[in-house]
Amino acid sequence: MNTVDQLLLTPFSRLKEEEKMQVKSLGPDKPEIKLEQFTKERGKDYTRKFTSTWYTRKIWLTASTTKNSLFCFPCLLFGGEVPWTKTGVTDLKHLSEKIKKHEACKSHLDSSIKLAMFGRMNIASQLDDSYRIAIRNHNLEVDKNRYILSKLIDCVRFCGAFELALRGHDEQEGSSNKGIFRGLVDFVASLDSAMDTHLKSATVFKGTSKTIQNELLDCMLEVTREVIIQQLRSSEFVAIQADDTTDVSTQTQSVLVFRYIDASNKVVERFYCFNQLKDSSAHTIATTLLQELNNVFPETSDKKKVIAQSYDGASVMSGSSGGVQKKVRDVYPNAHYVHCYAHQLNLIMEQAVSRISKVKHFFAIVGGLPAFFSRSPKRTEVLLDIVSRRLPKVATTRWNFHIRTVTMIYDYREDLKKCFRAIESSGHFESVAVREAHGFIRTLEDREFLFFLFLFYDIMHQVDILYNQLQKRDIDALYVQNKTTDFVTQITRVRASVDNLDARLPVESTFSSHRTDLKVLVQVAKEVCDTIIVHAKERFEFTKHLVSATLLQSDHFDRHERSFSNQILNETIKAYPMLNKDKLNSELSIIYGRHEFRRATGAIPLFGLFVENNLQEPFSETMNLLKILITTPMTTAESERCFSTLKRIKTFLRNTMIETRLNKLAMLSMEKELIRDIPDFNKRTIEKFVTLKDRRAKFLYKK
């Protein structure tokens, strides 16, 4: 019954149950066959013969005496590849290869399992009622535990999204302040009877311990990073942004941010991690950065998609021979170094005020005004009573704070004078405060101070506009070029209006003081404007690899159509060798001649125009260039936000947070929108949590 000829005549599926069991018990037939093969190779004759030792080496092997060929016994019974079930195999020269290939195929494995399991009792079908009830009760308990776990994940997500510390200093039951997480869990329990019952009756798994919090944070961070890494590996181009600072615990921290275009054709900046550095040397920063990048892009082909790198904070980062950017580019050859333009604006303003003594003196007074009120609650109370606002503190590295202070002094100058007069005449303040208040009254009526106040009010208004524009996440090279050109134009207009500032000044001061020659002040004011204009043109001038931005600048299309510069195209191809020069040239010639494309005012609007009209494939090279320009970071806005979060989180926790926990909470805070959009985030987190280790509580279903 188990011979190949008999099974070919009467297939296994047609046999009775008893006959099938008999065939299985007999196993594969192993007859003696005279299978020979004659071949001629390199002028010599070879004869190969089949030997019975093959039966012992491959227990599934069988043979047909009539067909004089080899078959597979399990596949013969349950179906499989035709040569091993119908015609037979006779090629002895390649027999070893054919056997290896057959053993690896799915049909052979499936037939082998079916043969092995055939005839065994189906235990699942004979389960008694009590066992079925036990499984059902087990799964109901799993449902309950997973529901509670999902609520706990929601509580952790809430704390992370709003940058709230999870733990309290005393989490015992009798404590009046158990911490935000425990308080939030108790609040959920007051609204959810299932959670309330769980907290009161749980003996094995309660879910509020520090260990469970950390494990949940581990799983949530892993799920989020998996999504980010998946998006990075599917993106065509990626830019990296890094920043470093000394945090509140005097430890040097580095942050890594990725910028890319996601599947929805939207430019995004994703926080990836904080890293603690032992020092701020180029070698340490580069080693840490490359380690993280290699984890994200392990394949050599992926390293070419990193097309830009931008840094802020450390002087070692921009070195052309030994800096971080050079070390990164040795591994990622297309990663061009791009300056942070928002940071460059701070440098421009610093150059404008640090080298001119009169201007430096003016900003020293500006910084002294908020400092005067912040040193005493009584002074602050007077300020709030009269002005109803606080003066913003000045930060030397953030010019938007200078802008706010100058603007408020300009808008509330008369009210501030009333504050100082109230302090001077109240009789309830110490002599130092009275003396300083008297000096500030004189200052706010001084023509020289007012001259620079009016000047910098006009300048700071333009700086504020540009600063806010450069801090946007979705900007590109064309956008920066247009906005900085507008900035230079506006500062030039301010310079032209300097001669008329005298008309805005008060005629006389109530204090007798010498009057600085107006011509000297005008000269200083023009020098300030000239310094800003010169440095703006120098620092905002695109480097060689960003000249390509002009190829897709809509206001240049008319000029390119009349006389196209091959030099710009050549420099673009040199900077980005992955582009096809000839195809890009042809596509650009079409774009320049079509008026529809001239309405786009930057790379992002032009990119959107191609996507909306399904022109990605015909204009593939133009799309690649647009993606490069959009992906190239013009600002490190996201990394600045990262360090704002870093400071708030670590200050709140009194510097007790370790690096791994900081990464988890920072990810929940900065990427809360991404986490919100991840489908089944809680379910994926639960799946990782339950497989993290063996748990006493029931979280895995039974069938």
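Heads up: the structure comes first, above all this text.
In this text the structure is predicted, and so the values were computed from the model without any measurement. The written sequence of each chain sets the order in which its residues are numbered from 1. The model is predicted, so local features are restricted to residues of pLDDT at least 70 and side-chain atom pairs to those at 80 or more, both for listing and for counting; the totals for chains, interfaces and linings are taken over all residues. Excluded from the side-chain calculation are hydrogens and water; included are all heavy atoms of the structure.

1. Some points on the overall build of the protein chain
So the rule is basically this: Helical segments are the DSSP runs of H or I of at least four residues, strand segments are the runs of E of at least two, and each set is numbered from the N terminus. Relative accessibility thresholds used throughout: buried, under 20% of the residue-type maximum; exposed, over 50%; partly exposed, between the two (1.4 Å probe, protein chains only). By definition, residues are in contact when any of their heavy atoms lie within 4.5 Å. Accessibility throughout is a Shrake-Rupley quantity obtained with a 1.4 Å probe, and a residue counts as covered only by protein chains that appear here.
Looking only at helices and strands, the protein chain features 31 helices and nine strands. Every one of the 703 residues in the protein chain was classed for burial, and the buried ones make up 49%. When contacts within the protein chain are restricted to residue pairs at least 6 apart in sequence, those whose partners lie at least 24 apart make up 70%. Accessible surface, the protein chain: about 35,600 Å² in total, of which carbon and sulfur atoms supply 50%.

2. Side note on helix H31 (residues 681–690)
Convention followed: As used here, the arc is the angular range of directions from the helix axis to the C-beta atoms.
Inspection of H31 places Phe681, Asn682, Thr685, Ile686, Phe689 and Val690 among the buried residues, and these make up the whole buried set. Taken down its axis, H31 places every buried residue within 155° of arc, on the same side. Elements in contact with the buried residues of H31: helix H8 (129–161), helix H11 (210–234) and helix H30 (672–677).

3. A word on the pattern of salt bridges
Note the cut-off: Salt bridges are defined by distance alone: a side-chain nitrogen of Lys or Arg within 4 Å of a carboxyl oxygen of Asp or Glu.
For the coordinates displayed, the defined rule picks out 34 salt bridges. A salt bridge links Lys688 to Glu226, with the shortest nitrogen-to-oxygen separation between them at 2.8 Å. With Lys688 in helix H31 and Glu226 in helix H11, this pair connects stretches of sequence that are 462 residues apart. In this structure, Lys305 and Asp302 form a salt bridge, with 3.9 Å as the shortest nitrogen-oxygen distance. For Lys305, a relative accessible area of 9% puts it in the buried group. Look at Asp302 and you get buried, because its relative accessible area is 14%. Three or more residues are tied together by salt bridges with common partners; here these are Arg413, Glu414, Lys417, Arg421 and Glu445.

4. Section: unusual backbone geometry
A positive phi angle is found at Asn265, which is not glycine, with a value near 60°. Within the fold, Asn265 resides in the loop between strand E6 (252–261) and strand E7 (267–277). Owing to a relative accessible area of 35%, Asn265 belongs among the partly exposed residues under this scheme. The backbone of Asp680 sits at a positive phi, close to 55°, despite the residue not being glycine. Tracing the backbone shows Asp680 in the loop between H30 and H31. By relative accessible area, which is 54% here, Asp680 ends up exposed.

5. Some remarks on empty space enclosed by the protein
So the rule is basically this: The rule is simple: put a 1 Å grid over the protein atoms alone, call a set of points where a 1.4 Å probe fits but cannot get out a cavity, call an open set with protein on both sides within 12 Å along at least five of seven lines a pocket, and count a residue as lining if it has an atom within 4 Å of a point. Grid points are joined across faces, edges and corners, and a volume is the space filled by probe spheres set on the points.
Enumeration over the complete set of coordinates arrives at two cavities of 30 Å³ or more. Here the largest cavity defines a volume of roughly 40 Å³. If you go around the largest cavity, the residues you meet are Ser254, Val255, Leu256, Asn275, Ile285, Thr288, Leu289 and Glu292. Every element with two or more residues in the lining of the largest cavity is listed here: E6 and helix H12 (282–296). With four residues, the single largest contributor to the lining of the largest cavity is H12.

6. A few points about the packing of H8 against H11
The test is simple: Fitted lines through C-alpha atoms give the axes, limited to the stretch in contact for helices. The angle between two N-to-C directions lies from 0 to 180 degrees. Working definition: roughly parallel below 35 degrees, roughly antiparallel above 145 degrees, roughly perpendicular at 65 to 115 degrees, and oblique for all remaining angles. The residue classification treats Ala, Val, Leu, Ile, Met, Phe, Trp, Tyr, Cys and Pro as nonpolar and Asp, Glu, Lys and Arg as charged. All others, Gly included, are polar.
Look at H8 against H11: their axes get within 11 Å of each other, and the N-to-C directions meet at 75°. Judged by the angle between their axes, H8 and H11 are roughly perpendicular. Where H8 approaches H11, its residues Leu149, Leu152, Ile153, Val156 and Arg157 are matched on the opposing element by Leu216, Leu217 and Met220. Across the contact of H8 with H11, the residue classes break down as seven nonpolar, no polar and one charged.

7. Focus on the side chain of Lys20
Spelled out, the test is: Asp and Glu count as negative and Lys and Arg as positive, but His and the ends of the chain are not part of the count.
Counting through the fold element by element, Lys20 comes out in helix H2 (residues 17–26). Of the side chains with opposite charge, Glu17 comes closest to the buried, unpaired Lys20, at an N-O distance of 4.8 Å. Lys20 has contacts with Phe12, Ser13, Leu15 and Phe118, leaving out every residue within four places of it along the chain.

8. Quick word on the nonpolar core
Here is the rule: Throughout, nonpolar core names a set of buried Ala, Val, Leu, Ile, Met, Phe, Trp, Tyr and Cys residues whose side chains join them through atoms within 4.5 Å.
By size, the foremost hydrophobic cluster in this structure holds 70 residues, and its most contacted members are Leu152, Ile240, Phe258, Val328 and Phe689. The leading source of residues in this core is H11, at eleven residues. Contact partners of Phe258, with chain neighbours within four places excluded, come to Leu232, Val238, Ala239, Ile240, Val268, Glu269, Arg270, Tyr272, Leu293, Val296 and Phe297. Formed by 55 residues, the second largest nonpolar core is a distinct cluster that contains Val463, Ile491, Val528 and Ile532.

The values are spatial; any link to function lies outside them.
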